[in-house]
Every structure is written in C-alpha cells, then in structure tokens.
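# Working through the structure, step by step
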Amino acid sequence: MKGLTVSQFYDSLRGKLELKLVAGEKGLKRKILISEINRPGLVLTGYVKFFANRRGQVLGKVEISYLRGLSPKLRKEKIHIFFQQKIPFCIIARNYIPPRELLSEADRIGIPIFRSPLVTTRLTNLCTIALEEMVAPSTSVIANLVEVYGVGVIINGQSGVGKSECTLSLVERGHRLVSDDYINVHLMEGTYLLGEGSELTRFHMEIRGLGIIDVRTLFGVGCVRQRKRIDLAVTLEPWDREKEYERLGLDEDYLSILGVEIPHIVLPVGPGRDLALLIEVAALNHRIKLMGYHSAQALDKQIKDRISQGRI
Amino acid sequence: MPEVKKEIKIVNRLGMHARPAARLVQLTSRFSSEIIFKRGSDQVNGKSIMGVLMLAAPYGSTIKVIARGDDAAAAINEIEDLFRSKFGEE
C-alpha cells in the first residue's frame, strides 16, 4: 500500500494494539512510509543527530520518566525540539500518562499521539510486523491461488483454458482455495510473496455454466485459506503442436513478481490430461526439490554413471 | 511400408545422457514413422525419453536405428545429422 496514512494505520490496528488517540488529531493525514519503529530516547535530551524521524515513535518508561523529571520549562523545550522533526506518530506504551506539554504541543503541530496498554517491547514488535505488511510493495495478478500439499501454487492462463475447473478439482481433492482470478500479492521482508484474494469476493468462484459458487459453504472451511506464501507458478495453455514443451525438468524457468523469482511451469492442456493431478505432482516435485532431491538431476546422474561404466 | 535401417555411432563424449536424449526425442516425435532404437538386446521406442535413456549408450557405441513409415528415410537422415552434430555439445 503506497502512502499509508496514520488514519489508516489507526483504523486497522486500534483493536490489536488497543490504541487510543489522545492528541494531534489534525495530523491523522500524515504518511507512514517505513515499517520500522523508533524509541526516541536520546532525541528527547536534545541530541537529534541520526534521529530516525520517518519512523513511528514509541515512548516507553525511559522516555516518560525522563520527561517527568524535567522542569516544566525544560520539558516544553525538549518536546518542542522533538516535534520539530517530521515524525508520523507517537505511541505511549503501558498507558503511561503523557506530560501535558506533550499533548498540547502535539495538538498545536498536528502529530497524532496514541496510548496503548501494551508493554513497550511487545508494542514495538506488533507494530513493526503489522506496518511491514501495510507498507510492503504490492501488486495484483490475474490468476488463481491454491495451496496444494502446503505449496502455494499460482495457476494462470488465458480465459477459458480451464483454470477454474482445475482449481475446483484441486479443492475437491482436499486442497485449499485462496483466490479465484485475482491475487493481491505483497512482497514480504523483501524476499517472499504473500498472496490473498479480495475481501469482497473471497472464496467465491465463477464456473461457466454454473455461475457463482461459494467454495467455503460448499466444500467447508477446511478447503479454503485466507492467505498463502507463493511458491510455484503454473501456466496452463492450449497444446501447441509446434511448440517444444519441457521434457526433462533439468532447466528451471521463473516468473518474476515484484522482483521475486517464482519457479514456473508451463502445462499444455490437451484431452485426457488430468490437470489437477499434474498440478498435485508439480507441487510434490517442488517440495521434494526443496528437501534437496531433484528427480531429473538424480536420474541423469545415474544414467551418466552407467554410461561411464559402459564406456568402450 | 518403407523401412529404413541404419547403424549410427555416438560421437559426443558424454554419451546419451538426459539432454541429448531430450533433443533426440524432440526430433523423432516430429516424424509420423515408427522409430525404434536397438542397442545389444535392448530395443526401445525412439520417441520415448525414458526409452532412449535406458540405453545408457556411451561414447563410441553404436545404436541401430529402424524407421518404418512414409517419412522413414528423412527421419534416418535427420537423426544421423543430430548424432553427428554431437547434440550441440563440445
């Protein structure tokens, strides 16, 4: 999500972090651009060099007791310096009562101040994890996402090639639907992809001739899953007799989404090909590769050994 | 039905491992003729990758290729060319 506002942050996390807005309401339009959280500490003493001011600030026991110990004049001065930096928001942990000067200055400048009963470390951790997800680069992909034997498989292909039928067949075999025809993909920790459907149409599918079905209601809650890490991409395409399809599986093809390379398989669709079964096997083969066994390479090695024994 | 037979020698150093086998069956699959490879007492379908791999034919060995069908002669010629090209290896 680009340009997350403090207001959006507050709306989605007020329950989880038990946040209460106590000052600076007019600053709710401020943008949060990074997911890290900062403890201001030294900044309150006036040392602002290297201050991570783009981060949300969490004030814990140290900060609050330091501020309380100052004379009102000095306190006002220090808070003024702190708020001169452009910061997105502050959260006060353990429901500490913030000094009056902090609240009035926050109201004046428009920096949202929240209070939370959570202890500082837990608050910081939860906040970072939640923000990480909210500010992560994301994109949408027109494809299906199914969890097959624990492997998150994207199924794509042109309209009418049989994606939905194949997905339904997988669900019927006990695998889990994440989304039909639309995947919202988030880049997590810059290294892996997390996919989910749209909230509105979640777990619904359109099957030509049947119309819209609700997979969760028909197949049960065990056959759906809200989100899933994306591990493998399969493209279904009508069998092209002129085209050479992969015969060995020694070379890997990849699909790049948000800069992450996902192993990619092209499956030609033809009469008598049980696509759901083929995708199950692709998922199992992917798992066994992750466990360190590559079927094609292993057999090729055996053949090469045999060839060298028989060398003339 | 025309039948053409030819003995072809393996001239690539690594012999008939997976990659040459894949190239070979990609070629043979384009012909309508039935194609059979023989090595010693083994006889395999020339359009099947697992069959070709089973031969485990090393450098310097000879494979007998039998093609039966209308395009048998063309098939044998192209198969021979592919063997001679060392399957693009080396």
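Okay, so let's go over this structure. Bear in mind that the values here come from a model prediction, so they are computed numbers and not experimental data. (Residues numbered from 1 in each chain as written. Chains lettered and ligands numbered in written order. Predicted model: local features only at pLDDT ≥ 70, side-chain atom pairs only at ≥ 80, totals over all residues. Heavy atoms only, no water.)

## A look at the pairing of strand 18 (residues 253-257) of chain A
All names here are of chain A. For the record, the criterion: A pair of strands counts as paired when DSSP detects no fewer than two bridges linking them. Labels follow the DSSP assignment, with helices taken as runs of H or I lasting at least four residues and strands as runs of E lasting at least two, numbered in each case from the N terminus.
Across 5 bridges, strand 18 lies against strand 19 (residues 260-269) in antiparallel orientation. Note on strand 19: the bridge partner recorded for Ile257 is Val260. Where strand 18 hands over to strand 19, the hairpin turn is made up of 2 residues, of which Leu258 adopts a positive phi near 50 degrees.

## Description of the nonpolar core
Cut-off, in case you're wondering: Definition of nonpolar core: a set of buried residues of the types Ala, Val, Leu, Ile, Met, Phe, Trp, Tyr and Cys, connected through side-chain atoms within 4.5 Å. Partly exposed residues are those whose accessible area sits between 20% and 50% of the maximum for their type, while under 20% is buried and over 50% is exposed, using a 1.4 Å probe and protein chains only. Contact definition: two residues touch when any of their heavy atoms are within 4.5 Å.
Residues Met16, Leu24, Phe37, Ile79 and Phe83 of chain B are the most contacted members of the largest nonpolar core, which totals 33 residues. When residues of this core are traced back to their parent elements, those giving at least two are helix 9 (295-309) of chain A together with helix 1 (18-28), strand 2 (34-39), helix 2 (49-54), strand 4 (62-68) and helix 3 (72-84) of chain B. Apart from residues lying up to four places away in sequence, Phe83 of chain B is in contact with Ile8, Lys9, Ile10, Val11, Met16, Leu24 and Ile63 of chain B. Of all hydrophobic cores here, the second largest spans 23 residues; its members include Leu4, Val6, Tyr10 and Met134 of chain A.

## Focus: the pairing of strand 5 (residues 56-59) of chain A
Residue and element names in this part refer to chain A. Neither face of strand 5 is open: one carries Gly56 and Val58, the other Gln57 and Leu59, and all of them are buried. When strand 4 (residues 37-38) meets strand 5, the two strands line up parallel, connected through 2 bridges. Pairing of Ile37 across the sheet is with Gly56, part of strand 5.

## Examining the side chain of Glu237 of chain A
All names here are of chain A. For clarity, the threshold we go by: Polar contacts, as used here, are pairs of N or O atoms within 3.5 Å; protein pairs need one atom able to donate a hydrogen and one able to accept it. Residues neighboring in sequence count only if both atoms are side-chain atoms.
Turning to its location among the elements, Glu237 is positioned in strand 17 (residues 232-238). Residue classification places Glu237 among the buried positions, given a relative accessible area of 18%. Within the structure, Glu237 has its side chain in polar contact with the side chain of Tyr245 (distance 2.8 Å). Those residues in contact with Glu237 that lie beyond four places of it in its chain are Val161, Lys243, Tyr245, Val266, Leu267, Pro268 and Val269.

## Side note on the sheet that holds strand 5 of chain A
Strand order in the open sheet formed by 5 strands is 2-7-6-5-4 (chain A), with mixed pairing between adjacent strands. Of all the strands in the sheet, just strand 2 (20-23) and strand 4 of chain A have a single pairing partner and so form its edges.

## Points about the packing of aromatic side chains
All names here are of chain A. Note the threshold: Two rings belonging to Phe, Tyr or Trp (six-membered ring only in the last case) form a pair when the distance between their centres is within 6.5 Å. Interplanar angles under 30 degrees mark stacking, angles over 60 mark edge-to-face geometry, and anything in between is tilted. Only lysine NZ and arginine CZ atoms are considered, and such an atom sits over a ring when it is within 6 Å of the ring centre and within 35 degrees of the ring normal.
On inspection of all chains with the given rule, the structure shows 8 aromatic pairs over all chains. Centroid distance Phe89 to Phe114: 6.3 Å. Interplanar angle 65 degrees. Geometry classified as edge-to-face. With a gap of 25 residues between them, Phe89 in the loop between helix 3 (72-84) and strand 6 (90-92) and Phe114 in strand 7 (residues 113-115) connect regions that are remote in the sequence. Take Phe89: its relative accessible area is 0%, and that puts it in the buried class. With a relative accessible area of 0%, Phe114 lands in the buried category. The cationic tip of Arg14 hangs over the ring face of Tyr10; the distance from NZ or CZ to the ring centre is 4.3 Å.

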